[in-house]
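The lines below spell out each chain.
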Amino acid sequence: MLLIHCPYCEDDRSELEFRWAGEAHIARPEAISEISDEEFAEYFFLRNNEKGLTYERWRHIHGCGRFFNAARDTVSDRFLMTYKAGLPKQPVPVADKMAATAEEKTVETWEATEGDAR
Amino acid sequence: MSASENSGGFRIKGAGRHTPARTARFTFDGKSYTALEGDTVASALLAHGVHLVGRSFKYHRPRGILTSGPEEPNALLDVSRDAARRQPNVRATVQEVFDGAKIASQNRWPSLTFDVGGFNDVLSPFFAAGFYYKTFMWPREAWHRLYEPIIRRAAGLGEAPKEVDPDHYASRFAHCDVLIAGAGVAGLTAALSAASTGANVFLVDEQPEVGGALHYDAATTIDGQNGYDWAQSAAARLKAMPNVTLLTRTTVFGYYNHGFIGLAERVTDHMARPGRDLPRERLWQVRTKKVVIATGSIERHMVFANNDRPGIMLASAARSFLNHHGVAVGRNVGVYTAHDSAYEAAFDLKRAGVSIAAIVDCRADPGAAVLEEARALGIDVLTGHSVTDTAGRLRIKSMTVVRNGGSDTRKIKVDALLMSAGWTPSVHLFSQSRGKLRFDDSNQRFLPDIYAQNCVSVGGCNGTDDIAELIEEASAAGGGSVSVTAANRFEWTGGMIGAAEGAGPDTAVKAFVDFQHDVTAKDIRLAVREGMHSIEHIKRFTTNGMASDQGKLSNMHGLAIAAEMLGRPIPQVGLTTFRAPYTPVTYGTLVAHSRDDLFDPARKTPMHALQAAAGAEFEDVGNWKRAWYFPKRGEDMHAAVNRECRTVREIGGVFDASTLGKIEVVGPDAAQFLNLLYTNAWDTLKPGKSRYGIMTREDGFIYDDGVVGRLAEDRFHVTTTTGGAPRVLHHMEDYLQTEFPHLKVWLTSTTEQWAVIAVQGPKAREIIAPLVEGLDISNEAFPHMSVSECSVMGVPARLFRMSFTGELGFEVNVPADYGPAVWTAIRDRAEALGACLYGTETMHVLRAEKGYIIVGQDTDGTVTPEDAGLSWAVSKKKTDFVGIRGLQRPDLVRGGRKQLVGLKTKDPRDVLEEGAQIVADPNQPKPMTMLGHVTSSYWSENCGRSIAMALVAGGKARMGETLYVPMADRTIAVEVSDMVFFDKEGGRING
């Protein structure tokens, strides 16, 4: 069970207290009623679902209740950083990124274990 | 007879650590035995010369006790206290004997010594690896009806108890600085070191006492003491320290993310008469800053023909039975080894007076020191020899010994055979922590390499063989310092993995690799020949290492045999992944308190008990218990609901609406916020008025609905559906915090703060009027959709004039604690006037008679307000609300969408089934064109006919059309109608 740092409580808390809330930094268009179908699809339906470094929203739902942003590596399942909602996308410190990538190589993934059995 | 003779003829006087006078009686397969307190079931049975304890999984071969620890694959027994307290698949080497234990062997019929399933062994040429996959393929149908039931009956291990588990289980959270897994020499040293720094230390060991390998290793001295005694005194010192928690009989079963550790503590399984207040087991969920893994290593067996007969066991196990339990595993014992450690077992037994038939060592050059000692003790050692076969049906009688590569064959009589192929470091927890292993080629073992978490492996599990080095390593790992001096008698060398002499690729013998799943060396070679080249495939094809022991003995042998066949080095073939739990954990432990009423706690309204006393039947709505209907004597559900429906419309009814979600929306921008979250316009709603609101998601589909009352300019009382309350609040918080953070609004869940009593029907006003204070509730002063704060029976209240029945109605909100008192008063008034209590079923029928939708029943996440006939509730003037753009999407504005309509069956007595499909042409061949489905359907007593609501393609354009509902036995003709079946003019609501 992961520990997640809530940027509002300024504390590492157990994963049980949090809920995932989708990809981060997708702003609701200002004049939403005037955007095209394509723009709406881009805003509402399409997500990157990237492997590796992703920015996503989490909510400290069984704590302070606040939504915040997190940079997480989906391969190592490591939280690289968390920051308050409303802040622009934060660059992940290089050292952390390196560590995550190094760990990525040591961490068991489906591709690395069962995958090469194919 | 002396106590020690009583406790078994194989007890050795003066050996072992149990007190001869303290005995415990138990039965095994109905026969009574005496054990000593501290015995495991295995040691107690061996003390009586009982080796045969089970039948193997697939071939039903007689099996004995192979190990003395949790890695045991063979001796799985059924242990019970009474009928309900029965546990199958208990490892005899772990379970401590308690007085009165009833123990039975498994997987045999009719008896352990004569088992019909044993014919599988004779037929084994047909039962090679993959046999089931290949044989039971055709016909497909037969798999469920024939093959699977037979295979399951034949291949099962123990039988699960059918009674409810009467024991209780506990659960605890803990935090610490250092958690040490394993309390052998390394673990104890690390704990002493860590504790000396003042750190908060958890020291955890699965055995009843600390000591680890010192249980069997009687030759090691520490600080001038016998090793085992040193361990006990170290434990006593640690226990006395306030910063140390020492847990024995506790398994570290899982090492998860961020230092999260799962422990299973067995509290009462060893007790004869456990106190009723004690939990049977306790789950610990520990978050630790650092882990010291000191889990030691596990001895491997030798892989040779018929290496599975009862009486054949690991050398360290025999040593443990002798040195800890005082039991000799035989009177004339042979040893077959590739490692020096087995010699020490022979030395211990020899000194205890047991005859050693021979030490057969497959190596040409064993360690010089052990050879010399063997000579000094007069033990016959055959180096460069191998055991290539054994004999004895229910117990080993002899071993066949061959000079390696030669033909010099001889049979040696033995009644027990000890074996050792060397030691496998227990890297399970390290691997679970996501650490990466490396292969130590010189010692043919996997060792910790790259760490993924803040942990450190010390001692045997780290490949540290030298005891002085081990102590240094463990002391450093603890972070403090401790002075411990230890000495071994012998330095060990040797070890092998893979098949031994006489069990090579050119043979067809049964040399078992995995005892629990009956996997032989031949099976693994077959898997490779059949094209399995990945260890993951080989594992699944053969099931090697997939039994409940997870291959603690078999993995390395299996890997070596596969690598040899593939002609690839071991690290390239790879190791299968170790996963939690390390040993099986009972469901009881994992579930702990979360069972029965606490499994999924029921939510009850303040008036629950009053309704139960009134005879209510309840239904589950999410976690809520809601009164469903109130049957009177002799009434079935149908009769009760009909009566309630009639009474509400003719006189009145009282209904508990407390479960509706309630959110208090407060702040100067509250109206603007609701404007953005609901389709309706809220700035036009005056304080003192309420309005039905619809919430859509950004995609334009209905998400929730409810009545919203404006109590003041800056205060709204929002209601949601019963099931929708949490997600609606989450949805609102999401927008408020992240999209509209400039709005000054505060949201508070008040669902459980208010008890809500709905009073509906022509006499609703008359029922509540005398109880309402400080408010004129006449039709003129308080018309439909009014809301006001007032007091009811002296209790501060919020009164809504609203209706989900189409009748004159009020909803009385009072603080939850006052709910029962106010409910009682309203109920008494109502019943005196001839009104009744009604439940959710009547509520459903009455709302359907008026065509009011229920979100989630009549909508399914693909229904727009327009589809549901609610376009009037969507503001045309607003320039923004959540869903405004989604509603303009081409598919949402096209014609022919499924729309909510009413359905009347041609025969008014027919009640449609909810979910039934609707077609235009009942004679169309399958697959028929389905137009939609029935969403709500009831018998309406008030209409004297059935009524239904349905989502039908282009429904609003089909008014009066005849459609069909094909059922399994007949087709029902229906007429499309509007959704208002009762009081079409809607006058009653303003009564």
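None of the values given here were measured: they were computed from a predicted structure.

**Student:** Explanation requested: the interface of chain A and chain B in the structure shown.
**Tutor:** Interface extent is often summarised as the accessible area lost during association of the parts. Each partner contributes residues to the interface: chain A has 34 residues there, and chain B has 35 residues. Buried surface at the junction of chain A and chain B, summed over both partners, amounts to about 3000 Å²; 51% is from carbon and sulfur atoms. The salt bridge involving A:Asp37 is made with B:Arg885; its shortest N-O contact spans 2.4 Å. Between the two partners, chain A and chain B, sit 15 residue pairs in polar contact (both at pLDDT 80 or more). Ranked by residue count, the leading element in the side of chain A that touches chain B is helix H1 (residues 37-44) of chain A, at four residues. Residue classes in the side of chain A that touches chain B are distributed as 16 nonpolar, seven polar and eleven charged.

**Student:** What is the right way to read the pairing of strand E23 (residues 409-413) of chain B from this model?
**Tutor:** Two faces, one strand: in a regular strand the side chains alternate between the faces of the sheet. Residue and element names in this part refer to chain B. Inspection of the sheet shows strand E22 (residues 398-403) paired to E23 by five bridges, in the antiparallel sense. Across the sheet, the residue bridging to Thr400 is Lys411, located in E23. Counted between consecutive antiparallel strands, the loop separating E22 from E23 contains five residues, among which Gly405 sits at a positive phi close to 75 degrees.

**Student:** Explain the sheet that holds strand E34 (residues 653-656) of chain B here, please?
**Tutor:** Paired through their backbone hydrogen bonds, the strands of a sheet run either parallel or antiparallel. Residue and element names in this part refer to chain B. With mixed pairing, seven strands are arranged side by side in an open sheet as E41-E42-E43-E44-E40-E34-E45. Here the strands that pair on one side only, and so sit at the sheet edges, are strand E41 (772-773) and strand E45 (836-837). With seven bridges joining them, strand E40 (residues 754-760) and strand E44 (residues 809-815) adopt antiparallel strand pairing. In the sheet register, Gln760 faces E44, and the bridge partner there is Gly809. Sitting on the sheet, helix H23 (residues 819-832) is in contact with E34, E40, strand E42 (787-792), strand E43 (795-801), E44 and E45, with an inclination near 10 degrees to E40.

**Student:** Can you help me understand helix H12 (residues 467-477) of chain B in this one?
**Tutor:** For an α-helix, 3.6 residues make a turn, and residues three or four places apart therefore share a direction. All names here are of chain B. Here H12 has its buried residues at Ile467, Leu470, Ile471, Ala474, Ser475 and Ala477. The buried residues of H12 occupy an angular sector of 160 degrees when the element is viewed end-on, so they sit on one face. In H12, those exposed residues whose orientation departs by more than 90 degrees from the buried face are Glu472 and Ala476. The inward-facing, buried residues of H12 contact helix H6 (185-196), strand E15 (281-293), strand E28 (455-457) and strand E29 (486-487). Between a side-chain oxygen at the N-terminus of H12 and the backbone nitrogen of Ala468 the separation is 3.2 Å; the capping residue is Asp466.

**Student:** What is the right way to read the sheet that holds E22(B) from this model?
**Tutor:** All names here are of chain B. Within the open sheet, the three strands sit side by side as E21-E22-E23. Their pairing is antiparallel. Every interior strand has two partners, whereas the edge strands, strand E21 (385-391) and E23, have only one. Recorded for the sheet is a direction-independent mean angle of 30 degrees between the axes of neighbouring strands. Where E21 lies against E22, six bridges are found, and the strand directions are antiparallel. The residue of E22 that forms the bridge with Ser386 is Val402.

**Student:** I would appreciate a short explanation of a nonpolar patch on the surface in the present structure.
**Tutor:** Residue and element names in this part refer to chain B. Side chains of Trp109, Phe114, Val116, Phe119, Val122 and Leu123 sit close together on the surface and give an oily, nonpolar patch of about 650 Å² of accessible area. One can find Val116 in the loop between strand E7 (101-104) and helix H3 (119-122). Given a relative accessible area of 32%, Val116 falls into the partly exposed group.

**Student:** Explanation requested: the packing of aromatic side chains in the structure shown.
**Tutor:** Between two aromatic rings, the relevant description is the distance of the centres plus the angle of the planes. Here the structure, examined in full by the defined rule, presents 26 aromatic pairs over all chains. When the centroid spacing of 5.8 Å and the interplanar angle of 90 degrees are considered together, the rings of A:Phe18 and A:Phe68 count as edge-to-face. One end of the pair, A:Phe18, is in the loop between strand E2 (11-14) and strand E3 (19-23); the other, A:Phe68, is in strand E5 (residues 67-73), with 50 residues separating them in the sequence. Grouping residues by exposure puts A:Phe18 and A:Phe68 together as buried. Where B:Phe304 meets B:Tyr336, the ring centres are 5.0 Å apart and the plane angle is 80 degrees; that geometry is what we call edge-to-face. Placement of the pair is B:Phe304 in the loop between strand E16 (297-299) and strand E17 (312-314) and B:Tyr336 in strand E18 (residues 332-337), with a sequence separation of 32 residues. B:Phe304 gets classed as buried once you look at its relative accessible area, which sits at 0%. Within the aromatic cluster, the residues linked to one another by ring pairs are A:Phe40, A:Tyr43, A:Phe44 and A:Phe45. In this structure, B:Arg63 is placed above the aromatic ring of B:Phe512, and the distance from its NZ or CZ to the ring centre is 4.7 Å. Above the face of the B:Tyr582 ring, B:Lys552 is positioned so that its terminal group lies 4.4 Å from the ring centre.

**Student:** It is not clear to me how the layout of surface pockets should be interpreted in this structure. Could you clarify?
**Tutor:** Where empty space is left in the structure can be found by rolling a water-sized probe over the atoms. Estimated volume of the second largest pocket: approximately 1200 Å³. Around the second largest pocket, the lining comprises 50 residues; the ones closest to its centre are B:Tyr692, B:Asp705, B:Phe804, B:Tyr852 and B:Ile853.

**Student:** So what exactly am I meant to see when it comes to unusual backbone geometry here?
**Tutor:** With the exception of glycine, the majority of residues adopt a negative phi angle, and the majority of peptide bonds are in the trans configuration. Residues and elements named next belong to chain B. Residue Pro581 follows Ala580 across a cis peptide bond; omega there is 0 degrees. Structurally, Pro581 is set in the loop between helix H16 (570-573) and helix H17 (587-591). A cis amide bond links Lys926 to the next residue, Pro927, at an omega of 0 degrees. In this structure, Pro927 sits in the loop between strand E47 (917-919) and strand E48 (930-940). For Gln550, which is not glycine, the phi dihedral falls at a positive 50 degrees. Structurally, Gln550 is set in the loop between helix H14 (535-542) and helix H15 (555-566). The class for Gln550 is partly exposed, based on a relative accessible area of 26%.

**Student:** Sorry, what's going on with the domain arrangement of chain B here?
**Tutor:** Assigned domains within chain B: domain 1 (3-120), domain 2 (170-298 + 425-487) and domain 3 (890-990). On a C-alpha basis, the centres of domain 1 of chain B and domain 3 of chain B stand 68 Å from each other.

**Student:** Would you mind showing me how to read a negative patch on the surface here?
**Tutor:** Residues and elements named next belong to chain B. Among the surface-exposed residues, Asp466, Glu469, Glu472 and Glu491 lie close enough to one another that they form a single negatively charged patch. With respect to the helices and strands, Glu469 occurs in helix H12. You can call Glu469 partly exposed: its relative accessible area is 49%.

**Student:** When you look at the environment of B:Gly851 in this model, what are you seeing that I'm missing?
**Tutor:** All names here are of chain B. Checked against the element boundaries, Gly851 lands in the loop between helix H24 (840-849) and helix H25 (890-893). The exposure class assigned to Gly851 is buried, which follows from its relative accessible area of 15%. In this structure the C-alpha to C-alpha distance between Gly851 and Thr864, which are 13 residues apart in sequence, comes to 16 Å. If we skip the residues at most four places from it in the chain, Gly851 touches Met949 and Met979.

**Student:** Teacher, can you tell me more about the nonpolar core here?
**Tutor:** Looking at soluble globular proteins, one finds that nonpolar side chains tend to be buried together. Of all hydrophobic cores here, the largest spans 83 residues; its most connected members are B:Phe26, B:Phe28, B:Met302 and B:Leu418. What B:Phe28 contacts, discounting residues up to four positions off in sequence, is B:Tyr33, B:Leu45, B:Val50, B:Leu52, B:Val53, B:Leu77, B:Ile103, B:Ala104, B:Ser105 and B:Leu112.

**Student:** Even after reading the chapter, I still don't get the confidence of the model for chain B, so can you show me in this structure?
**Tutor:** For residues with low pLDDT, the predicted coordinates do not support detailed interpretation. All names here are of chain B. With 96% of its residues at a pLDDT of at least 70, chain B reaches an overall mean of 94. Low pLDDT, under 50, characterises residues 1-5; the predicted model gives this stretch three contacts beyond four residues in sequence or across chains. Reported confidences for the modelled complex are a pTM of 0.87 and an ipTM of 0.89.

**Student:** Help me out: how do you make sense of the side chain of B:His731 in this one?
**Tutor:** Residue and element names in this part refer to chain B. As for its placement among the helices and strands, His731 is situated in helix H21 (residues 725-739). Among the residues examined, His731 registers a relative accessible area of 10% and is labelled buried. In this structure, His731 is in contact with Leu677, Met695, Thr696, Tyr703 and Val882, ignoring residues within four places of it in sequence.

**Student:** Help me understand the packing of H6(B) against H12(B), please; the structure alone is not making it clear to me.
**Tutor:** When two helices pack together, their arrangement is given by the angle between the helix axes and the distance between those axes. Residues and elements named next belong to chain B. In the contact formed by H6 and H12, the axes pass within 7 Å of each other and the chain directions differ by 40 degrees. It follows that H6 is oblique to H12 by the angle criterion. Crossing geometry of H6 relative to H12 is assigned as right-handed. Across from Val185, Ala186, Thr189, Ala190 and Ser193 in H6, the residues of H12 making contact are Leu470, Ile471, Ala474 and Ser475. Of the residues belonging to the contact of H6 with H12, the class tally is six nonpolar, three polar and no charged.

Rules used in this analysis
Residues numbered from 1 in each chain as written. Chains lettered and ligands numbered in written order. Predicted model: local features only at pLDDT ≥ 70, side-chain atom pairs only at ≥ 80, totals over all residues. Heavy atoms only, no water. Contact = heavy atoms within 4.5 Å. Buried area = accessible area lost by both parts, 1.4 Å probe. Salt bridge = Lys/Arg side-chain N within 4 Å of Asp/Glu carboxyl O. Polar contact = N/O pair within 3.5 Å; in protein donor to acceptor, adjacent residues only side chain to side chain. Helix = DSSP H or I, 4+ residues; strand = E, 2+ residues; numbered from the N terminus. Nonpolar A, V, L, I, M, F, W, Y, C, P; charged D, E, K, R; others polar. Pairing = 2+ DSSP bridges. Axes fitted to C-alpha atoms, helices over the stretch in contact; angles between N-to-C directions. Buried < 20%, exposed > 50% of the residue type's maximum accessible area, 1.4 Å probe, protein only. Arc of directions from axis to C-beta. Patch = residues over 30% accessible without salt bridge, like charges linked within 9 Å, V, L, I, M, F, W, Y side chains within 5 Å. Areas by Shrake-Rupley, 256 points an atom, 1.4 Å probe, with all protein chains shown as cover. Phe/Tyr/Trp six-rings, centres within 6.5 Å; stacked < 30°, edge-to-face > 60°. Lys NZ or Arg CZ within 6 Å of the ring centre and 35° of its normal. 1 Å grid on protein atoms, 1.4 Å probe; cavity = no way out; pocket = protein on both sides within 12 Å on 5 of 7 lines; lining within 4 Å. Points joined across faces, edges and corners; volume = space filled by probe spheres on them. Domains from an automatic or database assignment. Lys, Arg positive; Asp, Glu negative; His and termini not counted. Charge placed at Lys NZ, Arg CZ, Asp CG, Glu CD. Core = buried A, V, L, I, M, F, W, Y, C linked by side-chain atoms within 4.5 Å. pLDDT = per-residue confidence, 0-100. Parallel < 35°, antiparallel > 145°, perpendicular 65-115°, else oblique. Left-handed = near helix turned anticlockwise from the far one by under 90°.

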